[in-house]
Amino acid sequence: MKSIKTNYIPNSALLFLIIAPFTVLFYASYVYNPQNAGHKVLYIFQLFADTIAISILASLWITILLDLFQPEHFKKNFKYRKDWLDENLPTVDVLVPVANEPIKIIQETLLNAVQIDYPHKTFVLDDGNSEEIKNLAQSIGINYISRPKNDKKYAKSGNLNYGMKFCTGQFVAVFDADHVAKKEFLTKLLPFFENENVGLVQTPQHFINTDNYIASGTAQAQEIFYKYVQPAKNSYNSAFCVGTNVIFRRSALDKIGGIAMRDHSEDIWTTILLHEKGFETIFYNKVLALGKAPETIRAFFRQQNRWSRGGFSLFFTHNPLFIKELTIDQRLQYFFSNIHYFSAFTILIYLMFPIIYLLFGIHPMNISVNNGWFIHYLPFFITIYLLPWFLLGSIRLSTITTSTASFAPYLKAFMSVILKNPYKWVSTESFTKSWHFIMFDIWPHLLIISISLLAVFVGWYNPEDIVNTSIATVWVLINSYFFLIFIFKGLVVTR
Amino acid sequence: MKKILTFIINLVLVVIVVLASFAVSTYALSKKIESGNKISSRIYGNVEKKETIVISAARGNVESIYYSVGEEVKRGEKLAQLKNSELENKAEVLSAFEDNESAKTELEVAKVEIEGLEVISPINGYIDEISKSEGEFVNPAAKLFVLFSNENTRALFYLADYEYRKISDLNEIRVYNSRLDQYLDVVISELKPRTEKDKSNQNKIGVYFKLQNPSDGENLLHGEDIILLADEEKKQNQNPIEFITNTWTIFFK
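Residues numbered from 1 in each chain as written. Chains lettered and ligands numbered in written order. Predicted model: local features only at pLDDT ≥ 70, side-chain atom pairs only at ≥ 80, totals over all residues. Heavy atoms only, no water.

1. Examining the pattern of salt bridges
Piece 1. Across all of its chains, the model carries 18 salt bridges over all chains by this definition.
Piece 2. Lys292 of chain A is paired through a salt bridge with Glu108 of chain A; the nearest N and O atoms lie 3.9 Å apart. Of this pair, Lys292 of chain A sits in the loop between strand S10 (289–291) and helix H11 (297–317) while Glu108 of chain A sits in helix H4 (residues 103–114), and the two are 184 residues apart along the sequence.
Piece 3. Relative accessible area serves as the criterion here: at 24%, Lys292 of chain A is assigned to the partly exposed category.
Piece 4. A relative accessible area of 38% means that Glu108 of chain A is categorised as partly exposed.
Piece 5. The salt bridge involving Glu118 of chain B is made with Lys78 of chain B; its shortest N-O contact spans 3.6 Å. (Salt bridge = Lys/Arg side-chain N within 4 Å of Asp/Glu carboxyl O. Helix = DSSP H or I, 4+ residues; strand = E, 2+ residues; numbered from the N terminus. Buried < 20%, exposed > 50% of the residue type's maximum accessible area, 1.4 Å probe, protein only.)

Set out below in structure tokens:
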């Protein structure tokens, strides 16, 4: 079994590979030319935002491109014999860390974890000390472990490490409370471990609750990651663990002192530590567990905040570019993953520019020259906005709105990483009440909507330039519509 | 109870957000009204005045100079007096032979030459440079003064194509001089032929503007900075409240 990625790459993705350089260069040649600068301060912001946007787009582009054209001899060779499993019969523990999630969800996960096709021990690691779960575990016949209160130092990583003290298996599979394993999970994945160097095998997170608006947006954004980015990272031995639907080699974990003790994003830290010790990681692109994406704004922001905190803290405290033990490919791939979260600044700046133009009549570019800026902007923005269409063949309003709205949790995470605020871990699904201090989460969006609408009035009061004012108006109205629909759909949760 | 409290806190935050955005946009609107018809863009240029060099008409020593640099002069005013004692002696001697036709002619020539010892300002303007000092000897046709004329004062601006188009559409063009804190009305006079020297302004058009009221130019200095205010046409400024109500009525029609 030489290649494990889906060989099929849609033509639209090739189209993206071909046209993206043109639109980006066309745009960059205009923006990076100081002769086209308008308002000086805004121009600096513009350059900052564009540099981030172009870097992120370019990193995605080069990741897909290099993986597509990677010569056969360069690709990782995978040992994969099904017989190895029968010959060796390794022992496996399945761990399900839970923390106050609804009992219904936990029950489904546990029942399915027990029914996985290979002999294994199942553990539920309860951080909520719930009697209900204890009884549930007893009735199903699985092991119930709860950390003593004085030992609750780290969140999920602490829980997992405490649980692993009671496990003896050679391999450890981990499922989050809202991820339901398929029966063939272990039999499909364990043979990869015949190669002694393999430290972990990861499978995609696949979300099935796409009838929910916010969840469907997350699901599609994640799909790009699991369909293109992770397989490409896999080719460079830099696929990383995402915390669930994963099997670790216990001896590898023991070598790095267990799961990395962090309050958040212990998954990527653990992977880096494994890579530093020379272990390989495998991403197997087949859905072997069905998960639920966050359905409320609160839960969604919480999740995005956790992920971006991981990205930022890695970037600022343990920047993968400078880890000597990693190969250059791995360093680059980790770096690419990190910079994604800086898109928050780009989104915020792009949101503010048309508003500032309408309010104060200033613009980062010299807009009086024949609308040259608009001609250069348009193809670039179309490339960015149609990215899901290029890569996945479909585009959902929910994807665009959720990814635009997530600038707020990213920035919040950035601030807390910079200010070194401690993180309080609460599980994704614990927030089911949607109207609970919701304003703490959505005030930036509401502020942008309300300023946008007022800015339209200010802009059309004796407008200096009808064409540019019209463009700015359309632009702020589209953004406001995105946020309005995001807030509305997020508040009215359909189950 | 908890629900009500949550609702109230959320509501308060909504109100704060809305008030904040009202504050920002009110500020922006008031700025916009304030700037009204004033300045929409500023282009820097220079004042151009006609240079006149005053040369000596006769040979002699500079006896006295009546003006200093920067002073204003009127046409016909005496700028300096030259002295040529040889010529004066000659005139004196010649005046004794009034009967002699030749001497008479000579005397007239000498008198004209003596008249030429008076240096007179040929223009209304101001003195930019004094080339000789008192006591110095000067030959005929030597440079004595550099004057700048106060008549036909122009302003030169280098404009991009679109700026030129925009400005030539305007009904009223005004320039501003910050030294005098004065606004002046100007009109486009002529385009400057492109020369090799204009390398730095290669893609721009040199445009001369002349003053609508020529006497305004008296106080401007040659070469000093002047700002072109490219105002849009004067619009009827609406009252903002009127504007908003008008907009709404358009929507509801």
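Moving on from the model shown.
2. A few points about the side chain of Asn177 of chain B
Residue and element names in this part refer to chain B.
Piece 1. Among the structural elements, Asn177 can be located in strand S11 (residues 173–177).
Piece 2. Under the relative-accessibility criterion, Asn177 is labelled buried at 0%.
Piece 3. In this structure the side chain of Asn177 is engaged in a polar contact, spanning 2.8 Å, whose partner is the backbone nitrogen of Leu180.
Piece 4. Not counting residues up to four positions away in its chain, the partners in contact with Asn177 are Gln182, Leu220, Glu224, Asp225 and Ile226. (Polar contact = N/O pair within 3.5 Å; in protein donor to acceptor, adjacent residues only side chain to side chain. Contact = heavy atoms within 4.5 Å.)

3. Here we look at the pairing of strand S2 (residues 51–55) of chain B
All names here are of chain B.
Piece 1. Alternating residues of S2 divide into Thr52 and Val54, all buried, and Glu51, Ile53 and Ile55, none buried.
Piece 2. Here S2 pairs with strand S9 (residues 143–149) via five bridges, running antiparallel. Note that in S9 the partner of Glu51 across the bridge is Phe148. (Pairing = 2+ DSSP bridges.)

4. Describing the sheet that holds strand S14 (residues 225–229) of chain B
Residue and element names in this part refer to chain B.
Piece 1. Here six strands make up a closed barrel; going around it, the order is S1-S10-S13-S12-S11-S14 and the pairing antiparallel. Pairs of neighbouring strands in the sheet enclose a mean axial angle of 45°, with direction left out of account.
Piece 2. Alignment of S11 against S14, held across three bridges, turns out to be antiparallel. Within S14, the position partnered with Arg174 by the bridge is Leu229. (Axes fitted to C-alpha atoms, helices over the stretch in contact; angles between N-to-C directions.)

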